[in-house]
Amino acid sequence: MKIYETDRLYLRTLNIEDIDSVMSFWGDEEVMKYCGGAGNREQEMKSLKFYINLQKEKGHSPYAIILKENNEVIGVCGFNPPDNNEDIELVYHFAKGYWGKGYATEAAIACVNYARKYLNRDTIVAFIDPSNKSSENILIKLGFIFKGVKWHGGSKNEDLYFELTL
Ligand SMILES: CC(C)(COP(=O)(O)OP(=O)(O)OC[C@H]1O[C@@H](n2cnc3c(N)ncnc32)[C@H](O)[C@@H]1OP(=O)(O)O)[C@@H](O)C(=O)NCCC(=O)NCCS
């Protein structure tokens, strides 16, 4: 189901048939270096099922990001439940071939706009590894504010913690 559109991208909910596409980033050690590491196909099938279920139950999840130009799934961007399961956490993972073109920022802005319109929240949170400068760059461009250092169960790391007030 398509949920949002920008100049260059479509955002839609994930489905099981996305497994080959998501393996191009979730299965890539370099992409997932700061996000708990790459997974094999079986593990990422479980992640896909988890997010499909999350969307059904909570009405938000990481979304498939489709490049209009070639109709490919180039990454995911959207909302993950962090450990406390109350907040919504912005996440983004893109295939390496699509870095440095502004797609992640465009998708992240779309997700924030989507949350403002449909998710009825006051805040979006984000966690990043202190070395993950390109990810921090996106948060700063979106107006997220650094709040301190916090343990993140997904990355199993003391991460930098940011919040955006909607
Ligand atoms: C984090 C990640 C998504 C960032 O990717 P990215 O390519 O740096 O981000 P974008 O796609 O927004 O591209 C930004 C760059 O594209 C460039 N660019 C080129 N064409 C552009 C255009 N038409 N519009 C905007 N920017 C453009 C800009 O120079 C910009 O860099 P700048 O902000 O330093 O000026 C990517 O590195 C990734 O997938 N990393 C692994 C996963 C991860 O760590 N996720 C974060 C934790 S959840």
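What you see is a predicted model, and the numbers here were worked out from it, not measured in a lab. (Residues numbered from 1 in each chain as written. Predicted model: local features only at pLDDT ≥ 70, side-chain atom pairs only at ≥ 80, totals over all residues. Heavy atoms only, no water.)

A. Summary view of the packing of helix α3 (residues 103–118) against helix α4 (residues 133–142). It is at 10 Å that the axes of α3 and α4 come closest, and there the two elements cross at 45°. Regarding the angle of α3 to α4, the classification is oblique. At the point where α3 passes α4, the crossing takes the right-handed sense. For the pair α3 and α4, the contacting residues are A104, T105, A108, I109 and V112 in the first and I138, K141 and L142 in the second. (Axes fitted to C-alpha atoms, helices over the stretch in contact; angles between N-to-C directions. Helix = DSSP H or I, 4+ residues; strand = E, 2+ residues; numbered from the N terminus. Parallel < 35°, antiparallel > 145°, perpendicular 65-115°, else oblique. Left-handed = near helix turned anticlockwise from the far one by under 90°. Contact = heavy atoms within 4.5 Å.)

B. Structural view of the pattern of salt bridges. If you walk through the whole model with that rule in mind, you get 7 salt bridges. Between E136 and K133 there is a salt bridge, with its nearest N and O atoms 3.5 Å apart. Here K133 and E136 lie together in helix α4, a separation of 3 residues that amounts to about one turn. The exposure class assigned to K133 is exposed, which follows from its relative accessible area of 52%. By sharing partners, the salt bridges in this structure join D28, E30 and K96 into a single network. (Salt bridge = Lys/Arg side-chain N within 4 Å of Asp/Glu carboxyl O. Buried < 20%, exposed > 50% of the residue type's maximum accessible area, 1.4 Å probe, protein only.)

C. Here's a closer look at the side chain of D159. Tracing the chain through its elements places D159 in strand β8 (residues 157–165). There is a polar contact of 3.1 Å between the side chain of D159 and the side chain of N157. When residues no more than four places from it in sequence are discounted, the contact partners of D159 are F127, I128, D129, P130, G148, V149, K150 and H152. (Polar contact = N/O pair within 3.5 Å; in protein donor to acceptor, adjacent residues only side chain to side chain.)

D. Geometry of the site of the ligand. What surrounds the ligand is a group of 20 residues, the closest being Y92, G100, T105, N132 and K141. Within the contact set of the ligand, an oxygen atom lies 2.9 Å away from a backbone nitrogen or oxygen of F94. Between the ligand and G100 there is a distance of 2.5 Å, counted from an oxygen atom to a backbone nitrogen or oxygen. In the complex, the protein chains occlude 69% of the 960 Å² of accessible area that the ligand would expose alone. If one sorts the elements of the shell around the ligand by residue count, α4 sits on top with 5 residues. (Near = heavy atom within 4 Å. Areas by Shrake-Rupley, 256 points an atom, 1.4 Å probe, with all protein chains shown as cover.)

E. The arrangement of the packing of aromatic side chains in detail. According to the stated counting rule, one finds 9 aromatic pairs in the structure shown. Ring centres 4.9 Å apart and planes at 45° place the aromatic pair Y114 and Y118 in the tilted group. Of this pair, Y114 and Y118 both sit in helix α3, 4 residues apart, which is roughly one turn of that helix. For Y114, a relative accessible area of 10% translates into the label buried. (Phe/Tyr/Trp six-rings, centres within 6.5 Å; stacked < 30°, edge-to-face > 60°.)

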